[in-house]
Amino acid sequence: MAYLLAGAAGLFYLLYKGKREAGDRSLQRKILKEYQDLFDVSTQRLRDVQRDLILQVEAGLRGDKSGLLMLPTFVDILPTGDEQGDYYAIDLGGTNLRVLHTRLGPGKGEGEEQDIREWPIPKECFNTDSGKLLEFVADCVEEMLVEHPPASGALPVLGFCFSFGFNQTALNNGVLVRWTKGFYGKGLIGEDIVGALQCVFRARGRAVEIPAILNDTVATLIALRYAEPATQLGIILGTGTNAAYQERIDRIKTLDPGFKGRSEHMVVNTEWGDFFAASLPVCEEDDWVDAASVNPGRGRLEKLVSGLYMGEIVRRALARLGQHAGLFGRADALPAALLTPGSLGSAAVAAMDEDESADLAAAGAALATLGVARPTRRQRRVARALARLAALRSARLSAAALCALLRHLGWDERSRVVAAMDGSVFCRYAGYRAMMRDTLERLLGREAAAALELREARDGSVRGAAYLAAAASRYDHAPRA
């Protein structure tokens, strides 16, 4: 709360006391007040967001077009913490590949050892038509298997965290829909990624078991669930945003009518970044960001919340103040960088917000990056205020979306529940976590909010893949009555 009050005090100074510098000061204050009113989202509006998100969650589970995707993951068994033995995992979803070896046991939720290796993906592998990507993956797995071989005679068991768009029809089957994140070409599109990787291993004379494929959000949930049974949700708040949670299988109407699960529950991948409703606090800058994106009209919640867009929203707000209210002097002589999309990153937003130095050095550095020579104190204060407001809106909406999932699940607010969290915005930005906690207390009340734990799941994508592989393999090989 003290963190939020300090930010409010700084904005109060700008709105009502900062009257000595050039430019249309009255218009500057008016524009800042607009952002303050919209981004410091009211509790009632957050409740409206919750209501609308719950409606779209329920519509998505029914398969209605008006709903979120609510993708079944076929993760209908979760680790219990009793799994033991050697397991491996692959994490493919960006510019680096990670491979993990872990030895689970001997006690419940314990691991005797763990090794995570990381390799930069060679440039030629980004062209998927080259056929080199899965060969590179297999090379790295082989390196790990040589150093950490499984028990004598045992088949290596691999979990596969694959953070690209794929359609899933079983826990160990994922058909690639499209490449993103700099990968290009048509290689493997329309193919089962698990089967394709197993073919690469077979061609080398290596037999492996790959009982599970999953994305990073689902893996984050599972990574914490292994040792913490109260974990019900996995949430990513980083470059993008998404959430996964456990749903009753009988409520997932998009499953084949004859589907029989291994339990009564299945993890659902919400793809909540696509949520949009009139209740969301959207400004003109958000519409420009959406129009300039690679997916206009989609991912609207993600564009209000995630790290990929936060810096751009602040840059556009600063440009508006420069163009229409003279914050940086003559409107026809603004720095080119200030008017260049993508020139302000979200790391700078976090640095400005958390900077408590007397001269607001982080804001000065960010403005210098935007081409503002010798930023004045008022300009720094404005930049810092906008950074805090953009982060505050993101934290408020993330907290409201989390609460919506809990309401949908019928959470008993007296019982402890854990949300597994990952992503750079949440994990590296302490002020953001404080803003989320404040919002949860507003929406749930202090007592209920105290029963909700947001816990970081370190290396969640690769650890979760290994734990799920362990649980699935253990179930598949267990004797049946």
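Residues numbered from 1 in each chain as written. Predicted model: local features only at pLDDT ≥ 70, side-chain atom pairs only at ≥ 80, totals over all residues. Heavy atoms only, no water.

Participant: I keep staring at helix H13 (residues 377–409) and nothing clicks. Help me out?
Facilitator: Note that an α-helix has 3.6 residues per turn; residues three or four places apart therefore point the same way. For H13, with 33 residues, the first-to-last C-alpha span of 48 Å sits near the 48 Å given by 1.5 Å per residue. The element H13 is largely enclosed, with a buried count of 29 among its 33 residues. Of the residues one or two after H13, glycine 410 is the one with positive phi, at around 70°. (Helix = DSSP H or I, 4+ residues; strand = E, 2+ residues; numbered from the N terminus. Expected span 1.5 Å × (residues − 1). Buried < 20%, exposed > 50% of the residue type's maximum accessible area, 1.4 Å probe, protein only.)

Participant: Help me out: how do you make sense of the nonpolar core in this one?
Facilitator: One recurring pattern in soluble globular proteins: nonpolar side chains tend to sit buried together. Of all hydrophobic cores here, the largest spans 121 residues; its most connected members are Leu318 and Met436. Of the residues forming this core, the biggest block, 18 residues, is contributed by H13. Setting aside anything within four residues of it in sequence, one finds leucine 318 in contact with Leu327, Phe328, Leu338, Leu367, Leu370, Val382, Ala383 and Leu386. (Core = buried A, V, L, I, M, F, W, Y, C linked by side-chain atoms within 4.5 Å. Contact = heavy atoms within 4.5 Å.)

Participant: In this structure, what is going on with the packing of aromatic side chains? I would like to understand it.
Facilitator: Given two aromatic rings, their pairing is described by the distance between the two centres and the angle made by the two planes. Following the criterion strictly, the structure yields twelve aromatic pairs and no others. The interplanar angle of 55° and the centroid separation of 5.7 Å between the aromatic rings of tyrosine 35 and phenylalanine 39 together place this pair among those described as tilted. Note that tyrosine 35 and phenylalanine 39 are positioned in helix H2 (residues 25–39) at a spacing of four residues, about one turn of the helix. Comparing tyrosine 35 with phenylalanine 39 shows no difference in burial state: the two are buried. Geometrically, the ring pair formed by tyrosine 226 and tyrosine 467 is stacked, given 4.4 Å between the ring centres and 25° between the ring planes. (Phe/Tyr/Trp six-rings, centres within 6.5 Å; stacked < 30°, edge-to-face > 60°.)

Participant: Explain the environment of leucine 444 to me, please; I cannot follow it from the model alone.
Facilitator: Structurally, leucine 444 is set in helix H15 (residues 430–444). For the pair leucine 444 and leucine 61, spaced 383 residues apart in the sequence, the C-alpha separation amounts to 25 Å. If we ignore the near neighbours within four places in the chain, the residues touching leucine 444 are Cys403, Arg407, Trp411, Glu413, Ala449 and Leu452.

Participant: Teacher, can you tell me more about the pairing of strand S4 (residues 111–120) here?
Facilitator: Pairing of strand S3 (residues 96–104) with S4, which is carried by nine bridges, proceeds in the antiparallel orientation. Each residue of the ladder has a partner; that of arginine 98, found in S4, is glutamate 118. If you look at the hairpin formed by S3 and S4, you'll find six residues sitting between the two strands, and glycine 105 has a positive phi there, around 100°. (Pairing = 2+ DSSP bridges.)

Participant: Explanation requested: the sheet that holds strand S8 (residues 209–214) in the structure shown.
Facilitator: Strand pairing in a sheet relies on backbone hydrogen bonds. The paired strands run either parallel or antiparallel. The strand order across the open sheet built from five strands is S4-S3-S2-S5-S8, with neighbouring strands paired in mixed fashion. Looking at strand neighbours, the two that pair on one side only are S4 and S8, the edges of this open sheet. Neighbouring strand axes in the sheet, compared pairwise and without regard to direction, differ in orientation by 20° on average. One ladder, built from eight bridges, connects strand S2 (residues 85–92) with S3; its direction is antiparallel. Bridging from a neighbouring strand, aspartate 86 pairs with arginine 103 of S3. Along the sheet, helix H6 (residues 193–203) makes contact with S2, strand S5 (157–162) and S8, crossing S8 at roughly 145°. (Axes fitted to C-alpha atoms, helices over the stretch in contact; angles between N-to-C directions.)

Participant: Hey, could you run me through the pattern of salt bridges in this one?
Facilitator: Any two side chains of opposite charge can pair, on the condition that their charged atoms come close. In total, this model carries 39 salt bridges according to the counting rule given. With a closest N to O distance of 3.0 Å, aspartate 52 and arginine 51 form a salt bridge. Classification of aspartate 52 as buried rests on a relative accessible area of 13%. Its salt-bridge partner being arginine 316, residue glutamate 312 comes within 3.0 Å of it at the nearest N-O pair. Taken together, the positions of glutamate 312 and arginine 316, both in helix H10 (residues 307–325) and four residues apart, correspond to about one turn of that helix. As far as the burial class goes, glutamate 312 and arginine 316 line up, both buried. Members of the salt-bridge network, linked through shared partners, are Asp40, Arg396, Asp438 and Arg442. (Salt bridge = Lys/Arg side-chain N within 4 Å of Asp/Glu carboxyl O.)

Participant: Would you explain the packing of H10 against H13 in this entry?
Facilitator: To characterise two packed helices, one gives the angle between the axes of the helices and the distance between these axes. One can describe the packing of H10 onto H13 by two numbers: an axis separation of 10 Å at closest approach and a directional angle of 140°. On the basis of the axis angle, H10 is oblique to H13. The handedness of the crossing between H10 and H13 comes out as right-handed. Contact residues: H10 offers Met310, Ile313, Val314, Ala317, Leu318 and Leu321, while H13 offers Val382, Ala383, Leu386, Ala387, Ala390, Ala391, Arg393 and Ser394. Across the contact of H10 with H13, the residue classes tally to twelve nonpolar, one polar and one charged. (Parallel < 35°, antiparallel > 145°, perpendicular 65-115°, else oblique. Left-handed = near helix turned anticlockwise from the far one by under 90°. Nonpolar A, V, L, I, M, F, W, Y, C, P; charged D, E, K, R; others polar.)

Participant: Can you walk me through the sheet that holds strand S10 (residues 241–248) in this structure?
Facilitator: The strand order across the open sheet formed by six strands is S1-S11-S10-S9-S12-S13, and the pairing between neighbours is mixed. Looking at which strands have only one partner, the edges of the open sheet turn out to be strand S1 (71–72) and strand S13 (452–456). The sheet contact formed by strand S9 (residues 231–237) and S10 spans five bridges and is antiparallel. Each bridged residue has a counterpart across the sheet, and for leucine 233 the counterpart in S10 is tyrosine 245. Together, S9, S10, strand S12 (417–422) and S13 form the strand contacts of H13, whose direction differs from that of S10 by roughly 10°.

Participant: Please clarify how unusual backbone geometry should be interpreted in this entry.
Facilitator: Most peptide bonds take the trans form, and the phi angle of most residues other than glycine is negative. Cis rather than trans, the peptide bond between glycine 105 and proline 106 has omega equal to 5°. Within the element layout of this structure, proline 106 appears in the loop between S3 and S4. The phi dihedral of leucine 188 falls on the positive side, at around 75°, and the residue is not glycine. For leucine 188, the position within the fold is in the loop between strand S7 (173–178) and H6. Even without being a glycine, arginine 374 presents a positive backbone phi close to 45°. Examined against the element boundaries, arginine 374 turns out to sit in the loop between helix H12 (361–369) and H13.

Participant: Just checking my understanding: could you explain the packing of helix H5 (residues 133–147) against H6 for this structure?
Facilitator: Between H5 and H6, the shortest axis-to-axis distance is 10 Å and the interhelical angle comes to 60°. As summarised for this structure, H5 and H6 are arranged oblique, according to the angle between their axes. In the packing of H5 onto H6, the handedness of the crossing is right-handed. For the pair formed by H5 and H6, the contact residues are Leu134, Glu135, Val137, Ala138, Val141 and Glu142 on the first element and Ala196, Leu197, Val200 and Phe201 on the second. Tallied by class, residues from the contact of H5 with H6 come to eight nonpolar, no polar and two charged.

Participant: What should I look at first to understand the layout of surface pockets in this one?
Facilitator: The gaps of empty space that remain are located by a probe, the size of a water molecule, rolled over the atoms. By volume, the second largest pocket is sized at about 260 Å³. For the second largest pocket, the lining is made up of 18 residues, of which Lys65, Gly67, Leu68, Leu69 and Asp274 are closest to its centre. Elements with a contribution of two residues or more to the lining of the second largest pocket: helix H3 (43–62) and S1. Here the residues of the lining of the second largest pocket sort into six nonpolar, seven polar and five charged. (1 Å grid on protein atoms, 1.4 Å probe; cavity = no way out; pocket = protein on both sides within 12 Å on 5 of 7 lines; lining within 4 Å. Points joined across faces, edges and corners; volume = space filled by probe spheres on them.)

Treat this as a map of the structure, not an account of what it does.
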